[in-house]
Amino acid sequence: MPQSAEKVLDHAPLFREPEYTDMLARKKVMFECGVSDVQIQDTSEWTKTWEYREKNLARTALVVNPAKACQPLGAVFAAAGFEKTMSFVHGSQGCVAYYRSHLSRHFKEPSSAVSSSMTEDAAVFGGLNNMVDGLANTYKLYDPKMIAVSTTCMAEVIGDDLHAFIQTAKQKGSVPENFDVPFAHTPAFVGSHTDGYDNMMKGVLEHFWKDKERKVGTRINIIPGFDGFVVGNNRELKRILDAMGVDYTILSDAADQYDTPADGEFRMYDGGTKIDDVAAALDARATLSLQSWCTKKTMGFIGEKGQETASFHYPMGVGATDDLLMKISDLTGKPIPVEIEKERGRFVDAMADSQAHLHGKKYAIYGDPDFVYAMARFVMETGGEPTHCLATNGKTEWVEEMKALFASSPFGANAQVWAGKDLWHLRSLLFTEPVDFLIGSSYGKYLERDTGTPLIRLTFPIFDRHHHHRFPVWGYQGGLRVLTTLLDKVFDTLDRETINPGVTDYSYDLTR
Amino acid sequence: MSLDYTNDGEKMEALITDVLNAYPDKFAKRRKKHLNVAKDGEEVGEEGRALTECDVKSNIKSIPGVMTIRGCAYAGSKGVVWGPVKDMVHISHGPVGCGQYSWSQRRNYYIGKTGIDTFVTMQFTSDFQEKDIVFGGDKKLEKVIDEINVLFPLAKGVTVQSECPIGLIGDDIEAVSKKKAKESGKTIVPVRCEGFRGVSQSLGHHIANDAVRDWVFDNKGGAKQNDDAGFEPSPYDVNVIGDYNIGGDAWASRILLEEMGLRVVGNWSGDATLAEIERAPKAKLNLIHCYRSMNYICRHMEEKYGVAWMEYNFFGPSQIEASMRKIAKHFGPEIEEKTEAVIAKYRVLVDAVIAKYRPRLEGKTVMLYVGGLRPRHVITAYEDLGMQIVGTGYEFGHGDDYQRTGHYVKEGTLIYDDVTGYELEKFIEGVRPDLVGSGIKEKYPVQKMGIPFRQMHSWDYSGPYHGYDGFAIFARDMDLAINNPVWGLMKAPWKPKAEPAPTAIAAE
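Residues numbered from 1 in each chain as written. Chains lettered and ligands numbered in written order. Predicted model: local features only at pLDDT ≥ 70, side-chain atom pairs only at ≥ 80, totals over all residues. Heavy atoms only, no water.

**Some thoughts on the overall build of chain A**
At step 1: Helix and strand content of chain A: 21 helices and 13 strands.
At step 2: Taken along its principal axes, the extent of the C-alpha atoms in chain A is 75 × 60 × 55 Å.
At step 3: Looking at chain A as a whole, 62% of its 512 residues are labelled buried.
At step 4: Restricting to contacts in chain A with at least 6 residues of sequence separation, those with at least 24 account for 72%. (Helix = DSSP H or I, 4+ residues; strand = E, 2+ residues; numbered from the N terminus. Buried < 20%, exposed > 50% of the residue type's maximum accessible area, 1.4 Å probe, protein only. Contact = heavy atoms within 4.5 Å.)

**Thoughts on the environment of Gly91(A)**
At step 1: Its location among the elements puts Gly91(A) in the loop between strand S2 (85-90) and helix H6 (93-107).
At step 2: Beyond its immediate stretch of four places on either side in the chain, Gly91(A) contacts Ser115(A), Ser116(A), Ser117(A), Met118(A), Thr152(A), Met154(A) and Ala155(A).

**Quick notes on the confidence of the model for chain A**
At step 1: When the pLDDT values of chain A are averaged, the result is 98; 100% of them are 70 or greater.
At step 2: Within chain A, the element-level pLDDT minimum falls on helix H7 (residues 120-125) of chain A, averaging 95, and the maximum on strand S9 (residues 362-366) of chain A, averaging 99. (pLDDT = per-residue confidence, 0-100.)

**Quick notes on the interface of chain B and chain A**
At step 1: Listed per partner, the contact involves 119 residues of chain B and 107 residues of chain A.
At step 2: Counting across the interface, chain B meets chain A through 10 salt bridges.
At step 3: Here Glu120(A) makes a salt bridge to Arg197(B), at a shortest N to O gap of 3.5 Å.
At step 4: Its residues assigned to classes, the side of chain B that touches chain A shows 59 nonpolar, 29 polar and 31 charged. (Salt bridge = Lys/Arg side-chain N within 4 Å of Asp/Glu carboxyl O. Nonpolar A, V, L, I, M, F, W, Y, C, P; charged D, E, K, R; others polar.)

**Some thoughts on the sheet that holds strand S10 (residues 285-288) of chain B**
Backbone-to-backbone hydrogen bonds join strands into a sheet, with any given pair of strands oriented parallel or antiparallel.
Residues and elements named next belong to chain B.
At step 1: What the 4 strands build is an open sheet, ordered S9-S8-S10-S11; its pairing is parallel. Two strands close off the open sheet at either side, each with one partner strand: strand S9 (263-269) and strand S11 (308-311). For this sheet, the mean angle separating the axes of adjacent strands, direction not counted, is 25 degrees.
At step 2: In this structure, S10 lies alongside S11, joined through 4 bridges in parallel fashion. Counted as the bridge partner of Ile-288 is Glu-311 from S11. (Pairing = 2+ DSSP bridges. Axes fitted to C-alpha atoms, helices over the stretch in contact; angles between N-to-C directions.)

**Points about helix H19 (residues 440-448) of chain B**
At step 1: Burial of H19(B) is extensive: 9 of the 9 residues sit out of reach of the surface.
At step 2: Within the span of H19(B), buried status applies to Ile440(B), Lys441(B), Glu442(B), Lys443(B), Tyr444(B), Pro445(B), Val446(B), Gln447(B) and Lys448(B).
At step 3: On its buried side, H19(B) packs onto H6 of chain A together with helix H18 (421-431), strand S15 (435-438) and strand S16 (453-455) of chain B.
At step 4: Gly450(B) sits one or two residues past H19(B) and shows a positive phi near 90 degrees.

**So, the sheet that holds strand S11 (residues 416-419) of chain A**
All names here are of chain A.
At step 1: Taken together, the 5 strands give an open sheet; going across it, the order is S11-S10-S9-S12-S13, and neighbouring strands pair in parallel fashion. Where the open sheet ends on each side, the last strands, each with one partner, are S11 and strand S13 (455-457). Between one strand axis and the next, the sheet turns by 20 degrees as a mean value, whatever way the strands run.
At step 2: The pairing of strand S12 (residues 437-440) with S13 spans 3 bridges and is parallel. Directly across from Ile-439, in S13, lies its bridge partner Ile-456.
At step 3: Strand contacts of helix H18 (residues 396-407): strand S10 (385-391) and S11, with the helix running at about 165 degrees to S11, the strand carrying the most contacts.

See the structure below:
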């Protein structure tokens, strides 16, 4: 009997006990009708070849292990960054259960959102009643200050008109006439979660800025973009802006919403951009987007309103942070303070201390387009080479941006960009053109298992490591953390490779 | 060793009245039917104990805007029934999201080389784009299946798990499946589990069961089936139905059934192969654990193939013993004798587990809100550890589930069907149980309230919880949740103390 009360065996050791391995071996031989071990081995080897890679890259319809989600997830995330705002997703209810679970699994936090729970009858007659009843219930039960409406693909396919539905609901008294119900159509069959973020941001600004005259002020707006590290990053951003003495509004700030304290009280809402500040943000002098690919439409809209706009690709690393701070300084006339300059110096000092361990290292990087851009840029700052850069939701223009980035550094000479490809493509790339490290999300662990490439988790979603997102990766301080994360993996890998006593441990050095 | 206790029904009634007051009138009336307190019933169960009545309406559409915890038909089919079948590729047919959010989240353990001969923890999708909605997705589906056949040649078949748009744009996935089955000779199963169908996951289970019947048993696609010529039936052949091998549950169950002298010829659907599905009608008895998700196919196998079925419960020693004896009785004295030996063998472990953990858990109260079988099936496992259930409810149960719940819960237990976020929070606040068992969406709100929590869908990344080996893990997990020191740290010491901090107990 393998199990005991003294030392309770968990699933991993329990099923390695002979009682279980024998049982599962019998199951395989007697009942599974599987293919032979030789065939499995042969096929497995074949998937590592250039021949397989070519067949794999030739796919035009099948997508396997994509690194992207659908629009409404981004819309729910964007809405979570506004004061006391409840996301209301119009369409099938299962979708909302999925977004909530997905966000909770990453942040280890509550994620509140409601559905209009449309079913077959709504598919035939449209979801107007669901909107009317749903808004009334949400308003009454959850006491929001704003309800942000987005859509699942079901509502989009049948063509429900959010604007008209919300108007009708207001006329029927579901919510008061002057209650804020911004909305965005977020079809899952167009783009990805980054587009959903964009659409919801634009929807919110349109709602608050329509029919309003702009009075040019001195503040600046900052839109962070869809970011799994929002908790650490937005707080770091605010610290830097406060140190500079800048007047700013962060449009969608979900840092507190996804990091509520455990003190005996469940806060359904916490923090977020104040509703009044959203309206006032029209008067800002300029708006900066920290993730260009999350805000194309939103920034277009803001530009049309007469504001100066500038977009960045995730301010991670030395140059990316420099660019952002100089732009902010330029716009506001506030100099970059000495403390921040010293932080820069310390960050660069750390890079110098460790440069020998990172120079020449090859990486595969995947994730959202802005993250991949920033990560590749930082890797090159350390003397590393971004061999494969992949974004399932990357577009043609992103490819051009990446190529320009590669051309800007000798470390980009052999870099390749893969837009619209998935993690099964990446598997082929890693077998045929291997790298030293893989940078991405938790889903990358399957690539680590198959190809042996050590995975560094630095982007959403991270399900199997806890609390990384509570620390920043933006700015010089954040950069220090990214640097340390890379180095930890380098050293852990080196230690693992040299730990064999009497065989490899001559290199198991105490000081590295 | 059933515990004897009742709960404070009057307090529970008051909580129900309170939550209903928060709704607009129309919806207070509708929600009222889903909330109740277990009453003493007239009927007496097999165990000789009077059953309670858990009389609520169920399996009805969720109300819009209330934060239902339910999922959809796709989740019931792809996520629950089909997804674990390991040697088939399951296509999430439609936009990317559904497959992405459900990717690797059910913890259906299996043995195999992923991506080569098994495919459970992978996300295959047709990733619908606008043009697929406008022009239809059948051509794309054909191409997807062709590409699977090229890149994953050892896959035994393919299932097409429909997402919402498929049924709305009029695609004919059945025709595509037949065509491709003919061409490839492999089983292709179209499943009409669009998320807007039905009111919850439940209809997805039913649709998935029907797809097994039509496209595997009746082989509507006409594909070549697994060569099972070498299979020699025995009088002790059983299928385990409705065990998804979460954290290895089915393995911790199988080991007991084998020790009893039975032969598990198919496990549905955790760690299952297509061959195990095809062979099922040749078994002598279907043992069904998750009644809600797979009773349909058991009834069908009984009608068409004469395979009897029996419900059982492998959570906690009381139920395991009762279930093993019930199963053994079906097979006669020889098996019964072996079964008694198995029970005696594991009694040592059970006694040790209870001796260790019961003193740490005695009298602790538990509220549950889960899916198919667990809102009732795990109750006795808690009671075996001296714990008391004060509230329970189903996300997608039907009337027959609530009827069966009467065998488990005590008078005065709060019963909530398709509970809303608001209600659950208020109920938990009002009852202040020592432990809540529910899902990922509920975990963090509850923990912030200072109440220990275990996910009872995924076993909170632990498990197995089935069988005797699983019971030890279950007991250990409940102990570590309740007796962790963190619950005593929530109030800052400079704040006025409302109540004494809970005491923690270190692991032994």
